[in-house]
Amino acid sequence: MSCDFLSLALPNVQTISPYVPGKPIEELARELNLNPENIIKLASNENPLGPSERAITAIHNELAELTRYPDGNGFVLKTALATYYQCAPEQITLGNGSNDTLEIIARAFLGKGLNAVYSQYAFAVYPLITLATGAEGREVPAKNWGHDLEAMLAAIDDNTRLVFIANPNNPTGTWFTSKTFEQFLSKVPKHVLVVLDEAYIEYAQNDNELPDGLTFLNRYSNLIVSRTFSKAYGLAAMRVGYTISHPAIVDILNRVRQPFNVNSLAIVAAASVLTDFDYLAKSQKINNDGMSQLENGLKSLGLTPLASKGNFIAVDMGKNALPIFNQLLSEGVIVRPLAGYGMTNHLRISIGLEQENEQCIRALTKVLRG
Ligand SMILES: *Cc1c(COP(=O)(O)O)cnc(C)c1O
């Protein structure tokens, strides 16, 4: 008999629902005895293009240094980011994925008696990192599946330290405009830090509906903009993300950050792809084309996809989506059920390559027609 360890965990930790990741291809291959080459994964919003050649070369060139600790200050990457975004290196905090930076922020500013505000259907990591600190998570009801910024403003009180906002939002793909965001920011009390998570922003280049969070930093010192190399930059496995904020905030985050949180391969890989504009353009084109292809395919099946500015689509299946998810698995198609988000009738499908999208629609057609 083992001890009831859960009862020993901190009360706030007991309330956390574990994050459920997209199912890995190899796992499904083992479970169903399928050939991994016949399985497609459209479940974790990964870049279907494969890594940039620049990243592979940079990683190769760094391999001889594996015995050394990485540069804990990430000089090479911070310099590249500061040059590209015309900000000071002192405004940048690097993370082992942006999830790491988000957690560092939570650990630095939240605790018992304090709270963080975020939206219903927002990224699952926000409640996770909030509750882990013992703080209260204030989930504000969504409006049309997206952020209701006015209601979020109303949820802020003296004990609020953080507001987490993703634009566009994952898993819904919803977004708000520059004007809406500024109206919100201008009313947020100065003691509240606004964390704007722009994990998908590179897909929206030349899209004037989606604000560029960095343009607000000069006027709002309580804003933290979070970005990642996991999505359009195609480096999800390397685990590297960053925030840009006021240097005084960086100083606080550095007190909580593990000294070598970003590894040396990730640092050089990220620095090498930051200005790989050919790669980015290709990623955007695949995403735009694939988005239309999937949207049309879903609509032709009589389904209702939510309009999305990410690299994924949430689609209403009109009934419990879990059985459909499981039947798709048997067809070798891995998508993401959203019951964990309280969206039991929706599936989230990441945009893949043309033939992957086609395979997904074909499998879905077969499953729905029974
Ligand atoms: C995918 C995603 C991230 C990225 O997380 P990493 O840790 O950088 O891989 C961050 N925020 C949102 C909303 C996401 O969907």
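Residues numbered from 1 in each chain as written. Predicted model: local features only at pLDDT ≥ 70, side-chain atom pairs only at ≥ 80, totals over all residues. Heavy atoms only, no water.

**Some details on the overall build of the protein chain**
Selection criterion: Under the scheme used here, helices are H or I runs from DSSP no shorter than 4 residues and strands are E runs no shorter than 2 residues, and both carry numbers assigned from the N terminus. With the radius of gyration taken over C-alpha atoms, the globule rule is written as 2.2 Å times the number of residues to the power 0.38. Only protein chains enter the accessibility calculation, which uses a 1.4 Å probe; a residue whose area is less than 20% of its type maximum is buried, one above 50% is exposed, and one in between is partly exposed. Here the accessible surface of atoms and residues is derived via Shrake-Rupley with a 1.4 Å probe, and residues count as covered only by protein chains that are part of the display. Positive charge is attributed to Lys and Arg, negative charge to Asp and Glu, and no charge count is given to His or to the chain ends. Just so you know, the charge point we use is NZ for Lys, CZ for Arg, CG for Asp and CD for Glu.
Secondary structure assignment for the protein chain yields 14 helices and 13 strands. For the protein chain, the C-alpha radius of gyration of 21 Å lies close to 21 Å, the compact-globule estimate for 370 residues. Counting the 370 residues in the protein chain, one finds 52% classified as buried. When the accessible area of the protein chain is evaluated, it comes to approximately 17100 Å², of which 52% is carbon and sulfur surface. Taken together, the 30 basic and 36 acidic charged side chains of the protein chain have centroids lying 3 Å from each other.

**Digging into the packing of helix α12 (residues 277-300) against helix α14 (residues 354-368)**
Just so we agree on the cut-off: Helix axes use the C-alpha atoms of the stretch in contact, all axes being lines fitted to C-alpha atoms, and the angles between their N-to-C directions lie in the range 0 to 180 degrees. Here is the rule for angles: anything less than 35 degrees is roughly parallel, anything more than 145 is roughly antiparallel, 65 through 115 is roughly perpendicular, and the remaining ranges are oblique. Any pair of residues with heavy atoms lying within 4.5 Å of one another is described as a contacting pair. In this classification, Asp, Glu, Lys and Arg are treated as charged, Ala, Val, Leu, Ile, Met, Phe, Trp, Tyr, Cys and Pro as nonpolar, and every other residue, Gly included, as polar.
Where α12 meets α14, the axes come as close as 10 Å, and the angle between the chain directions of the two elements is 10°. Classified by the interaxial angle, the pair formed by α12 and α14 is roughly parallel. Of α14, the residues touching α12 (which contributes G290, Q293, L294, G297 and L298) are E354, N357, E358, I361 and L364. Partitioning the contact of α12 with α14 into residue classes produces four nonpolar, four polar and two charged.

**Overview of the nonpolar core**
Worth spelling out the cut-off: Only buried Ala, Val, Leu, Ile, Met, Phe, Trp, Tyr and Cys residues count toward a nonpolar core, and they belong to the same one when joined by side-chain atoms within 4.5 Å.
One finds L77, L81, I165, F181, F184, L223 and F229 to be the most contacted residues of the largest nonpolar core, which totals 54 residues. A total of seven residues in this core trace back to one element, the largest contributor, which is helix α11 (residues 264-273). Setting aside anything within four residues of it in sequence, one finds F181 in contact with L149, I165, F176, V194, L196, F216 and L223. Among the nonpolar cores identified, the runner-up in size contains 30 residues, and I313, L328, I361 and A363 belong to it.

**Regarding the site of the ligand**
Heads up, the condition is: A molecule or strand has a residue near it when one of that residue's heavy atoms lies within 4 Å. Here a polar contact is taken to be a pair of N or O atoms separated by no more than 3.5 Å, where protein atoms must pair a possible hydrogen donor with a possible acceptor and residues adjacent in sequence count only if both atoms sit in side chains.
As a matter of local geometry, the ligand sits amid G97, S98, N99, F123, N170, D197, A199, Y200, T228, S230, K231 and R239. One of the backbone nitrogen or oxygen atoms of N99 is found 3.0 Å away from an oxygen atom of the ligand. A distance of 3.4 Å is found between an oxygen atom of the ligand and a side-chain nitrogen or oxygen belonging to K231. Across the complex, the protein chains shield 94% of the 390 Å² of accessible surface that the ligand would expose by itself. When grouped by side-chain class, the residues that make up the shell around the ligand number three nonpolar, six polar and three charged.

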